[in-house]
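What the coordinates show
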Amino acid sequence: MKISQSILAVITLALVIPFGNAYDPSPLQDFCVAVNNLNNGVFVNGKFCKDPKQAKADDFFYSGLNMAGNTDNKVKSNVTTVNVDQIPGLNTMGISLVRIDYAPYGQNPPHTHPRATEILVLIEGTLYVGFVSSNQDNNRLFAKILHPGDVFVFPIGMIHFQVNMGKTPAVAFAGLSSQNAGVMSSI
């Protein structure tokens, strides 16, 4: 059986390309503290980088997540976001954090994060949480009732929600796999 040159070339490319596309995703420097000054540094991941020699501890610090957010609104919840806008040192780190406060029967209405998976831990209260899978999975609901210390994961891009089932306030913290997860909501 004779194999043509073009078929042999395709087979060779199919075997070589996966190895040729391998790369090292390690950062090129220790950190890239975000700054708003257009004349300062290199533009990386949507932000300009401060000269690393000018970085200070405050670039990696935020204070205030010990204080409850104002839940006096139509959804009876408050999300306090700590991302690259609050901690410039998060630039290029691919992570952020939120504190979510819920009044009794408050909710974090259905929403998505187009750039992040979310992992939520309940600290206080009782929450009903869940997400809906895509059409590919017949839009199934994955839901649980959480108690303090319970953890639930919301996959990237999935519509998800949280509802305080109790007569007392609830508090949760969530980590997101992006310095700027984004949020898409109808509210």
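First, a word on what this report is: a plain description of the structure on this page. Being a predicted model, the structure only gives us computed values, none of them experimental. (Residues numbered from 1 in each chain as written. Predicted model: local features only at pLDDT ≥ 70, side-chain atom pairs only at ≥ 80, totals over all residues. Heavy atoms only, no water.)

As a further point, take the nonpolar core. The nonpolar side chains of a soluble globular protein tend to be buried, and buried together. Core analysis: the biggest nonpolar cluster contains 18 residues, and Y102, L120 and L127 have the highest contact counts within it. Element by element, the count of residues in this core is highest for strand β12 (residues 170–176), at four residues. If sequence neighbours within four positions are ignored, L120 has contacts with I100, Y102, L127, L146, D150, V151, F152, F154, Q162, A172, F173 and A174. Membership of the second largest hydrophobic core comes to six residues, among which are L65, V82, V84 and I87. (Core = buried A, V, L, I, M, F, W, Y, C linked by side-chain atoms within 4.5 Å. Buried < 20%, exposed > 50% of the residue type's maximum accessible area, 1.4 Å probe, protein only. Helix = DSSP H or I, 4+ residues; strand = E, 2+ residues; numbered from the N terminus. Contact = heavy atoms within 4.5 Å.)

To continue, consider the sheet that holds β12. The strand order across the open sheet built from five strands is β4-β5-β12-β7-β10, with neighbouring strands paired in antiparallel fashion. Strands with a single pairing partner mark the edges of an open sheet, and in this sheet they are β4 (77–82) and β10 (151–154). Here the average twist between neighbouring strands, direction ignored, is 20°. (Pairing = 2+ DSSP bridges. Axes fitted to C-alpha atoms, helices over the stretch in contact; angles between N-to-C directions.)

This next bit is on the packing of aromatic side chains. A complete count under the given rule lists five aromatic pairs for this structure. With a centroid separation of 6.2 Å and 50° between ring planes, the pair formed by F131 and F152 is classed as tilted. Of this pair, F131 sits in strand β8 (residues 127–132) while F152 is found in strand β10, placing the two residues 21 residues apart along the sequence. The pair formed by F131 and F152 is uniform in burial state, with each residue classed as buried. One aromatic cluster in this structure is built from F131, F142, F152 and F154. (Phe/Tyr/Trp six-rings, centres within 6.5 Å; stacked < 30°, edge-to-face > 60°.)

Here the focus is the environment of P110. With respect to the helices and strands, P110 occurs in strand β6 (residues 107–112). Looking at P110, the relative accessible area reads 45%, which means it is partly exposed. Considering only alpha carbons, one finds P110 and S186, 76 residues apart in sequence, at a separation of 7.8 Å. Leaving out residues up to four positions away in the same chain, P110 has contacts with I159, H160, F161, S185 and S186.

Another point: the sheet that holds β8. The five strands lie next to each other as β9-β8-β11-β6-β13, forming an open sheet whose pairing is antiparallel. The two strands at the open ends of the sheet, each matched to only one other strand, are β9 (141–146) and β13 (184–185). Where β6 meets β13, two bridges bridge the pair, whose relative direction is antiparallel. Within β13, the residue paired with T112 across the bridge is M184.

The next point concerns the state of the cysteines. Linking two cysteines covalently through their sulfur atoms gives a disulfide. All told, the structure shown has one disulfide when counted by the stated rule. A sulfur-sulfur separation of 1.6 Å characterises the disulfide bridge that pairs C32 with C49. Torsion about the S-S bond of the C32 and C49 cystine: about -70°, corresponding to left-handed handedness. Here C49 lies in strand β3 (residues 47–49) and C32 lies in the loop between α1 (5–20) and β1 (34–35), a separation of 17 residues in the sequence. The buried category is assigned to C32, whose relative accessible area is 3%. (Disulfide = S-S within 2.5 Å.)

By themselves, these figures tell us nothing about what the structure is for.
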